[in-house]
Amino acid sequence: MNFSLLKKTVFIVLLIGFINSSFGQNILLSKNARASIITCDTGNETYSLFGHTAIRITDVENNLDVVYNYGAFDFATPNFVVKFTKGDLLYFAVAHSFSDFMNEYAYEQRSVFEQELIVPLALKQKLLDHLNTAMASEERYYTYKFIDKNCTSMVVNLLNKTLGSNVVVKKTDTDKTYRTILYPYFEHSFYEKLGTSIIFGKKVDQLGTQIFLPFELQKSLKVISFENHPLCKESKTLLDCTKQNPTSCWNNVYTYLFVLGFILLINKRKINFIYLTIIGIMGIFLTLVGFYSFHQELSANYNVLLFNPTLLLLVYFNGIKNKKWIYKLALFNLICLLVYAIILINKAYLLIVLPLIITNGVLLIKLAIQNKKPIPIII
């Protein structure tokens, strides 16, 4: 899922001409031709957190060494952010000479691995024909879906199409949810981990039975058989880089805990309600994007129990000093928090949102106590 290669639109245009002239559908591979799956290591940028998958076709006799990449998109697309959020942004396949592809990853200091397919020449030819047909037609375009359609799943689909059946299927971690599988990828990117934990809904809590990440494909290919023999040779390292984990003075758990701790310790009414307003606005966003977006991962998002839009009503009734409704809404949100905590008991991201649950809970309890109608005592 490497999107840095996608920014060079001029380069893409040149590549299309290069493919049409040099790698046309009618090229015949020699008996020594090789087809392989390329897996690229994760990077420190948001677009590279999950790695990348590509297909390499090599044929020395035909002076052919090209990498096909299904992870391209055009930053110049009108309303780019809106289309990306909605889920109807077009992604497309591009081709790179192997040397240019490797130079890009050497520059980014990201390791590259290769698994050569052990298939007959006829299937290598079929794979190449499929790739070049896609490159020269509308098949090169697809609408990106985080789990269902990305650079890895497109390669899986193409391999199965070439092999004539669903040979390439997930063989590892099928007992884990998509959310649990994703979580370790954010180890050194705290706010990305927090943000994706919050914005993803119920779909990512399903068991991860579908290959959607590059290293999932790599691990599955190691154990998949085809026609009574391994589908791939042992993985080979083409580029070995020592990954440098990013350091940040703000993108870490300490700033997160400091801000929430500051809100609780300073205990200023104005700051408390600014915080609750922000939480409520985020709840409106989660609700709207769940309905608006075609990304199924964003729908049915129970995180609105924490980022509850009704907090905005609570802020409003506080402004007009309506104690009755402040109390009712505080109590309602506390019940929502309890339900939310129960839902999260077996979720991977419970600990990361626990400080938010505590902060919300403390503020709501204070509001409930302050605005509860006193019980008259009759003597």
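In what follows, the accompanying structure is described. (Residues numbered from 1 in each chain as written. Predicted model: local features only at pLDDT ≥ 70, side-chain atom pairs only at ≥ 80, totals over all residues. Heavy atoms only, no water.)

Attention now goes to the nonpolar core. Ile-57, Leu-117, Val-168 and Leu-231 are the most contacted members of the largest nonpolar core, which has 55 residues in total. Elements with a minimum of two residues in this core: strand 1 (34–40), strand 2 (52–59), strand 3 (64–72), strand 4 (90–97), helix 4 (121–135), helix 5 (151–163), helix 6 (178–182) and helix 8 (214–221). Apart from residues lying up to four places away in sequence, Leu-117 is in contact with Ala-35, Ser-36, Ile-37, Lys-124, Leu-127, Leu-159, Leu-231 and Cys-232. Counting residues in each nonpolar core, the second largest holds 36 residues, with Tyr-302, Leu-306, Leu-311 and Leu-356 among its members. (Core = buried A, V, L, I, M, F, W, Y, C linked by side-chain atoms within 4.5 Å. Buried < 20%, exposed > 50% of the residue type's maximum accessible area, 1.4 Å probe, protein only. Helix = DSSP H or I, 4+ residues; strand = E, 2+ residues; numbered from the N terminus. Contact = heavy atoms within 4.5 Å.)

Along helix 7 (residues 190–199), the positions that sit buried rather than exposed are Phe-190, Lys-193, Leu-194, Thr-196, Ser-197 and Ile-198. In this structure, the buried residues of helix 7 make contact with helix 6, helix 9 (253–266), helix 10 (269–292) and helix 13 (350–371).

With that out of the way, let us pick up the layout of surface pockets. Computed from the structure, the second largest pocket encloses a volume of approximately 340 Å³. Elements supplying a minimum of two residues to the lining of the second largest pocket: helix 6 and helix 8. The greatest single-element share of the lining of the second largest pocket, amounting to 3 residues, is contributed by helix 8. Among the residues forming the lining of the second largest pocket, the class breakdown is 6 nonpolar, 7 polar and 7 charged. (1 Å grid on protein atoms, 1.4 Å probe; cavity = no way out; pocket = protein on both sides within 12 Å on 5 of 7 lines; lining within 4 Å. Points joined across faces, edges and corners; volume = space filled by probe spheres on them. Nonpolar A, V, L, I, M, F, W, Y, C, P; charged D, E, K, R; others polar.)

Our focus in this paragraph is the pattern of salt bridges. All chains considered together, the criterion is met by 12 salt bridges. For the salt bridge of Asp-65 with Arg-56, the shortest nitrogen-to-oxygen distance reads 2.8 Å. With a relative accessible area of 25%, Asp-65 lands in the partly exposed category. A relative accessible area of 7% places Arg-56 in the buried class. For Lys-170, the salt bridge is made with Glu-216, and the minimal N-O distance between the two is 2.5 Å. (Salt bridge = Lys/Arg side-chain N within 4 Å of Asp/Glu carboxyl O.)

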